[in-house]
Amino acid sequence: MTDFDATFALADRLPGWLTRDQARVLDAVAREVGPDGTIVEIGSHHGRSAVVLARALPEGGRLVAVDPFPADWRYGGPGTEATFRANLETAGVTDRVDVRVATSREVRSRWSSTVAAVYVDGKHDVWSLRDDVRWAAHVRPHGWVLVHDAFSSLGVTLGLLSVLPLSRRLRYVGRTGSLARIEVAPPTPADRLRPLREVPWWLRNLVVKVLLRLRLRRAAGWLGHHGAADPY
């Protein structure tokens with residue numbers, strides 16, 4: 001377990017779309033895991049989030065990083081896997097990370113133990129998101145399902161809105177930027193409605209994305225968005 005500022009200084013050198021505030025959420029969740037606890041990460045890319053999670057784990061904690069690194073995907077391929085593993089080594093967390101080069105579904109189909117939390121940042125279509133959230137069946141009570149790009153990606157948002165209002169065991173707590181914090185606990189009626197309150201922010205983000213595609217960054221600035229990257 002290490003100091004957060006030192007951890008983020010390492011992670012921030014890596015490409016990716018995890019903000020400092022979002023990294024703090026991951027850091028806090030990993031610190032609560034307890035000895036011999038496990039966190040599952042869906043989608044690793046170059047390791048920005050994996051470094052944060054793994055360095056915050058207590059002694060004996062384990063991060064299972066699941067990513068098929070597909071060669072036909074813009075963020076995948078053998079080179080990405082090699083870079084990911086090298087970044088884990090540089091951060092000194094290789095011994096805490098179990099890398100599974102496979103799809104989320106393939107790993108989940110063979111999984112039987114309980115985990116403390118799942119961090120979802122895989123493919124951003126509705127069907128993949130819904131499938132990834134099924135990992136919640138393995139999360140301990142009051143553990144966490146953390147979903148990145150929630151209410152900023154069309155597929156992720158529609159996937160969450162199709163799951164959360166009807167779920168009997170997933171309680172939407174809130175978001176840090178686009179990082180949704182979902183507790184494995186019975187939701188109240190108010191909890192079921194809470195995700196719908198994010199719809200205006202989601203629609204704003206869709207407009208920002210259109211403006212960025214049209215190279216209208218100044219107009220995006222009028223909506224409070226600055227920079228060339230999509231909202232996250």
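Novice: I keep staring at the overall build of the protein chain and nothing clicks. Help me out?
Specialist: Across its full length, the protein chain holds 10 helices and seven strands. Computed over its C-alpha atoms, the radius of gyration of the protein chain comes to 17 Å, within 12% of the 17 Å expected for a compact globule of 232 residues. Overall, the C-alpha framework of the protein chain stretches about 45 × 40 × 35 Å when taken along its three principal axes. Residue burial in the protein chain is summarised as follows: out of 232 residues, 51% are buried. Of the contacts made within the protein chain by residues no fewer than 6 positions apart, 67% connect residues no fewer than 24 positions apart. For the protein chain, the exposed surface amounts to about 11100 Å²; the carbon and sulfur share of it is 55%. Each charge class in the protein chain was averaged separately, 32 positive and 25 negative side chains, and the resulting centres sit 6 Å apart.

Novice: Hey, could you run me through the pattern of salt bridges in this one?
Specialist: With the rule as written, the count across this model stands at 15 salt bridges. Linking R100 and D98 is a salt bridge whose minimum nitrogen-to-oxygen distance equals 2.9 Å. Accessibility expressed as a relative area gives 25% for R100, which makes it partly exposed. Notably, a salt bridge pairs R105 with D131, separated by 3.2 Å at the nearest N-O pair. Highlighted residues: R105 in helix α5 (residues 104–109) and D131 in helix α6 (residues 126–133), separated in sequence by 26 residues. Accessibility expressed as a relative area gives 51% for R105, which makes it exposed. Take D131: its relative accessible area is 7%, and that puts it in the buried class. Members of the salt-bridge network, linked through shared partners, are R105, R108, D131 and R134.

Novice: Can you walk me through the nonpolar core in this structure?
Specialist: Buried together is how nonpolar side chains tend to be arranged in soluble globular proteins. Residues L26, I39, L63, V97 and L146 are the most contacted members of the largest nonpolar core, which totals 34 residues. Elements represented by at least two residues in this core include exactly α1 (4–11), α2 (20–31), α3 (48–56), β2 (62–66), α4 (78–91), β3 (97–100), β4 (115–120) and β5 (139–147). Considering every element that reaches this core, the biggest residue donor is α3, with six residues. When residues no more than four places from it in sequence are discounted, the contact partners of L63 are I39, E41, A50, L53, A54, L57, R96, V97 and D98. Ranked by size, the runner-up nonpolar core spans 29 residues in total, among them L129, V145, L164 and L170.

Reading guide: rules and limits
Residues numbered from 1 in each chain as written. Predicted model: local features only at pLDDT ≥ 70, side-chain atom pairs only at ≥ 80, totals over all residues. Heavy atoms only, no water. Helix = DSSP H or I, 4+ residues; strand = E, 2+ residues; numbered from the N terminus. Rg over C-alpha atoms; globule rule 2.2 N^0.38 Å. Buried < 20%, exposed > 50% of the residue type's maximum accessible area, 1.4 Å probe, protein only. Contact = heavy atoms within 4.5 Å. Areas by Shrake-Rupley, 256 points an atom, 1.4 Å probe, with all protein chains shown as cover. Lys, Arg positive; Asp, Glu negative; His and termini not counted. Charge placed at Lys NZ, Arg CZ, Asp CG, Glu CD. Salt bridge = Lys/Arg side-chain N within 4 Å of Asp/Glu carboxyl O. Core = buried A, V, L, I, M, F, W, Y, C linked by side-chain atoms within 4.5 Å.

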